[in-house]
Amino acid sequence: MQYIDNIIFLILLVAGFGLFAKSLQKIYRNIRLGREINRSDRKPERWETMARVAMGQSKMVKRPVAGILHLFVYVGFVIINIELVEIIVDGIFGTHRFLSSIFGHSFYNLFTATLEVLALLVVIGVVVFFIRRNFYGVKRLTMKELFGWPKHDANWILIIEFALMMAFFKMNAADWVLQQRGLLPEHGSFPISSMILGPIFNSFGDNFLFFTEKAAWWFHFVGILFFMNYLYYSKHLHIILAFPSTWYANLEKKGKFNNLESVTKEIKLMMDPNADPYAAPAEGAEADVPSKFGAEDVFDLNQVQLLNAYSCTECGRCTSVCPANITGKELSPRLILMKTRDRLEEVGKNIDKNGTFVDDGRKLLNDYITKEELWACTTCNACTEACPILLDPLSIIFEMRRFLVMEQSAAPQELNLMMTNVENNAAPWQYNQADRLNWANEN
């Protein structure tokens, strides 16, 4: 019976990490439903971009208050969970503060004291974020697209992080008091918990302190496993996916759009005076023609775009700088990514249920994203510039507009007229080429 705690701990550990791995596998499968895209070029630049943007938070601090607080929460929470290594070893083998025997007394004291300071910064950060999100009235955090689950999700994450830090302080405070009483070996320095909770815990008996220390230890461990598996259902997947998203980011200059190779070949053939328009295509050339121009559903988007949908932090920085949204149009770049993720999740559940995708009569276009949203976009790239992890909602908008134009001829009348004029007159205006310089003869 003396090993019952270790057995329960091991079962929870395996189950927690197993479920987490299963969730990651499902996300990976869903992302691979998209078209393949080669983003393996310029590797040194990609590594530098990932280190600077995802790890260094360089774009977050462009808004200093939110950026610095986010840095506190991000760095603090990540480093504090280094302690998870110690918890795992202690839980499996029944040791107490295993890392103290590895680090040595002085370095372990420095390590635990640093964790306490970082935990305090995390608490300050999440409290400010909770107040800011719920009571301060930041417009991009109170828009109607965040009503319901998105708002609850953000609040739950802040509450979970706060609870985990409180458990961390309670565990350390109880441990510190027991060490002062000589009931536990002196390992670690706890400047924050000993100052805040130490005087309170000093008034309790030994048995209560042992129970409190162990209960807080278990709460912290189970809470981390819960948080880890909750990520699949949360916008906080960006904690993990920000790294691949920044590595696979589009490194081309803003405003440079991709051309379809099949269309480019056709144009070059049309412009070549020596080309035979009636010649049979070269062997295998049929395979170069895409099955669909642009994107109607998530299957037509590329894998990086689907990765972007899962990585969106729902911070709304993109929407707050979108000129279409500012002037009251339907478009919200944040919502484009959120709707793409929702459709992708719907497709994933369809596959889970049937073993393969069974046509459900629904599409990303019209069922999730409307034409009004797509045509409201000015393609100014403000959204991609504002995103703290280099996501590209504009590329999704562009591909869906390409489908509307090239597959359905469903562009607005003004654009159809302009394109007809370009085709017939080599200019967007409705008069022939011979009259294009008449304006110079006017008095």
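Residues numbered from 1 in each chain as written. Predicted model: local features only at pLDDT ≥ 70, side-chain atom pairs only at ≥ 80, totals over all residues. Heavy atoms only, no water.

1. Thoughts on the overall build of the protein chain
Consideration 1: The helix and strand tally for the protein chain stands at 21 helices and 0 strands.
Consideration 2: Relative to the globule expectation of 22 Å for 443 residues, the C-alpha radius of gyration of the protein chain, 28 Å, shows a markedly less compact shape.
Consideration 3: Expressed as a percentage of the 443 residues in the protein chain, the buried residues total 46%.
Consideration 4: Looking at the protein chain as shown, the accessible area adds up to about 23,900 Å², and 62% of this sits on carbon and sulfur atoms. (Helix = DSSP H or I, 4+ residues; strand = E, 2+ residues; numbered from the N terminus. Rg over C-alpha atoms; globule rule 2.2 N^0.38 Å. Buried < 20%, exposed > 50% of the residue type's maximum accessible area, 1.4 Å probe, protein only. Areas by Shrake-Rupley, 256 points an atom, 1.4 Å probe, with all protein chains shown as cover.)

2. What about the nonpolar core?
Consideration 1: In terms of nonpolar packing, the biggest core is built from 88 residues, with Met165, Phe221, Leu331 and Met400 touching the most fellow members.
Consideration 2: At 12 residues, the largest contribution of residues to this core is made by helix H7 (residues 149-180).
Consideration 3: Leaving out residues up to four positions away in the same chain, Leu331 has contacts with Cys322, Ala324, Asn325, Ile336, Glu373, Ala376, Cys377 and Ile397. (Core = buried A, V, L, I, M, F, W, Y, C linked by side-chain atoms within 4.5 Å. Contact = heavy atoms within 4.5 Å.)

3. So, the packing of aromatic side chains
Consideration 1: One pass over the structure, following the stated rule, counts 20 aromatic pairs.
Consideration 2: Considering the side-chain rings of Tyr232 and Tyr233, the 5.0 Å spacing of their centres and the 90 degrees angle between planes classify their relative orientation as edge-to-face.
Consideration 3: By relative accessible area, Tyr232 is classed as buried at 13%.
Consideration 4: Grouping aromatic residues by their ring pairs yields a cluster made of Phe9, Trp217, Trp218 and Phe221.
Consideration 5: Stacked on the ring of Trp247, the Lys or Arg Arg46 has its end atom at 5.8 Å from the ring centre.
Consideration 6: Against the face of Trp217 rests Lys214, its NZ or CZ located 4.6 Å from the ring centre. (Phe/Tyr/Trp six-rings, centres within 6.5 Å; stacked < 30°, edge-to-face > 60°. Lys NZ or Arg CZ within 6 Å of the ring centre and 35° of its normal.)

4. As for the packing of helix H2 (residues 43-55) against helix H11 (residues 238-247)
Consideration 1: The geometry of H2 relative to H11 is characterised by a closest axis approach of 8 Å and an angle of 145 degrees between their N-to-C directions. Like other packed secondary-structure pairs, H2 and H11 cross with a definite hand, here right-handed. Facing Lys43, Arg46, Trp47, Thr49, Met50, Val53, Ala54 and Met55 of H2, the residues of H11 in contact are Ala242, Phe243, Thr246 and Trp247.
Consideration 2: Across the contact of H2 with H11, the residue classes break down as 8 nonpolar, 2 polar and 2 charged. (Axes fitted to C-alpha atoms, helices over the stretch in contact; angles between N-to-C directions. Left-handed = near helix turned anticlockwise from the far one by under 90°. Nonpolar A, V, L, I, M, F, W, Y, C, P; charged D, E, K, R; others polar.)

5. Focus: the state of the cysteines
Consideration 1: Using the criterion set out here, one finds 0 disulfides in the structure.
Consideration 2: Just so you know, Cys380 is unpaired, no disulfide at all, and the nearest cysteine sulfur is the one on Cys322, 6.3 Å from it.
Consideration 3: Of the cysteine sulfurs around Cys387, a residue in no disulfide, the closest is that of Cys315, at 6.3 Å. (Disulfide = S-S within 2.5 Å.)

6. Points about the pattern of salt bridges
Once the charged atoms of two side chains with opposite charge are near each other, the side chains can pair.
Consideration 1: For the structure on display, the rule yields 19 salt bridges.
Consideration 2: With a closest N to O distance of 2.9 Å, Asp360 and Arg343 form a salt bridge. Here Asp360 is found in the loop between helix H16 (333-354) and helix H17 (364-367), whereas its partner Arg343 is found in helix H16, with 17 residues between them in sequence.
Consideration 3: Here Arg402 and Glu399 are joined by a salt bridge, their closest N and O atoms 3.0 Å apart. Here the residue Arg402 and the residue Glu399 both occupy positions in helix H20 (residues 393-406), the gap between them amounting to 3 residues, near one helical turn. (Salt bridge = Lys/Arg side-chain N within 4 Å of Asp/Glu carboxyl O.)

7. Things to note about unusual backbone geometry
Consideration 1: Backbone geometry places Glu314, a non-glycine residue, at a positive phi of 60 degrees.
Consideration 2: Along the chain, Glu314 turns up in the loop between helix H13 (303-311) and helix H14 (317-320).
Consideration 3: Judged by its relative accessible area of 4%, Glu314 falls in the buried class.
Consideration 4: For Thr379, which is not glycine, the phi dihedral falls at a positive 55 degrees.
Consideration 5: Residue Thr379 is classed as partly exposed on the basis of its relative accessible area, which comes to 26%.

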